[in-house]
Amino acid sequence: NAVTVYQMLEQSQIVFYDEVNVPEARFSYDMSPMSVVVQKEGRKWYDYLTSLCAIIGGTFTTLGLIDATLYKVFKPKKL
């Protein structure tokens, strides 16, 4: 006397078990320990110089875009 049950493996399939056998699901996890090491290091002088150059360049570009936009909007129209 067989019972129809479903078993999930790599793919779904129909498996026939006897009534005395019970299908089961097994899950195994391999937990490996993990650690995170955080070290704080001081910034070098050239990091500050690079940041300063980026700020100056970004400001120059933004002001240039604003200037060009205002010039196009408010320039006198020729007749």
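These figures come from a predicted structure and were not determined experimentally. (Residues numbered from 1 in each chain as written. Predicted model: local features only at pLDDT ≥ 70, side-chain atom pairs only at ≥ 80, totals over all residues. Heavy atoms only, no water.)

### Some points on the overall build of the chain
For clarity, the threshold we go by: Elements are defined by DSSP. Helices are runs of H or I of four residues or more, strands are runs of E of two residues or more, and each kind is numbered from the N terminus. The rule is simple: take the accessible area with a 1.4 Å probe, protein chains only, and divide by the maximum for that residue type; under 20% is buried, over 50% is exposed, in between is partly exposed. Computed by Shrake-Rupley with a 1.4 Å probe, the accessible areas treat only the displayed protein chains as cover when residues are assessed.
A count of helices and strands for the chain gives one helix and two strands. Along the chain, helices and strands appear, N-terminal first, in the series β-β-α. Sorting the 79 residues of the chain into buried and exposed places 4% on the buried side. Total accessible area computed for the chain in this model is approximately 8600 Å², and 61% of it derives from carbon and sulfur atoms.

### Focus: the packing of aromatic side chains
Rules: Stacked, edge-to-face and tilted labels apply to pairs of Phe, Tyr and Trp rings (six-membered ring for Trp) whose centres lie within 6.5 Å, assigned for plane angles under 30 degrees, over 60, and everything in between, in that order. Whether a charge sits over a ring depends on NZ of Lys or CZ of Arg being within 6 Å of the ring centre and within 35 degrees of the ring normal.
Scanning all chains against the criterion turns up one aromatic pair. Geometrically, the ring pair formed by Trp 45 and Tyr 46 is edge-to-face, given 5.7 Å between the ring centres and 80° between the ring planes. In this structure Trp 45 comes out as exposed when scored by relative accessible area, which is 64%. Directly above the ring of Tyr 48 sits Arg 43, whose terminal nitrogen or CZ lies 4.5 Å from the centroid.

### Some details on the environment of Thr 4
Mapped onto the elements, Thr 4 comes out in strand 1 (residues 2-8). In the structure, Thr 4 is positioned 13 residues away from Tyr 17 in sequence and 6.9 Å away in space, judged by C-alpha atoms.

### Focus: a nonpolar patch on the surface
We apply this condition: Patch members must show over 30% relative accessible area and no salt bridge, and they are joined within 9 Å when carrying like charges or within 5 Å when they are nonpolar side chains of Val, Leu, Ile, Met, Phe, Trp or Tyr. We define a salt bridge as a side-chain nitrogen of Lys or Arg found within 4 Å of a carboxyl oxygen belonging to Asp or Glu.
A cluster of nonpolar residues, Trp 45, Tyr 46, Leu 49, Leu 52 and Ile 56, forms a patch on the protein surface that exposes about 580 Å² of accessible area. Relative to the helices and strands, Tyr 46 resides in helix 1 (residues 45-74).

### With respect to the confidence of the model for the chain
The condition is simple: pLDDT measures how confident the predictor is about each residue, on a scale from 0 to 100.
In this model, the chain carries an average pLDDT of 80, and 78% of its residues clear a pLDDT of 70 or more. Here strand 1 stands out as the element of the chain with the lowest mean pLDDT, 64, in contrast to helix 1, whose mean of 95 is the highest.

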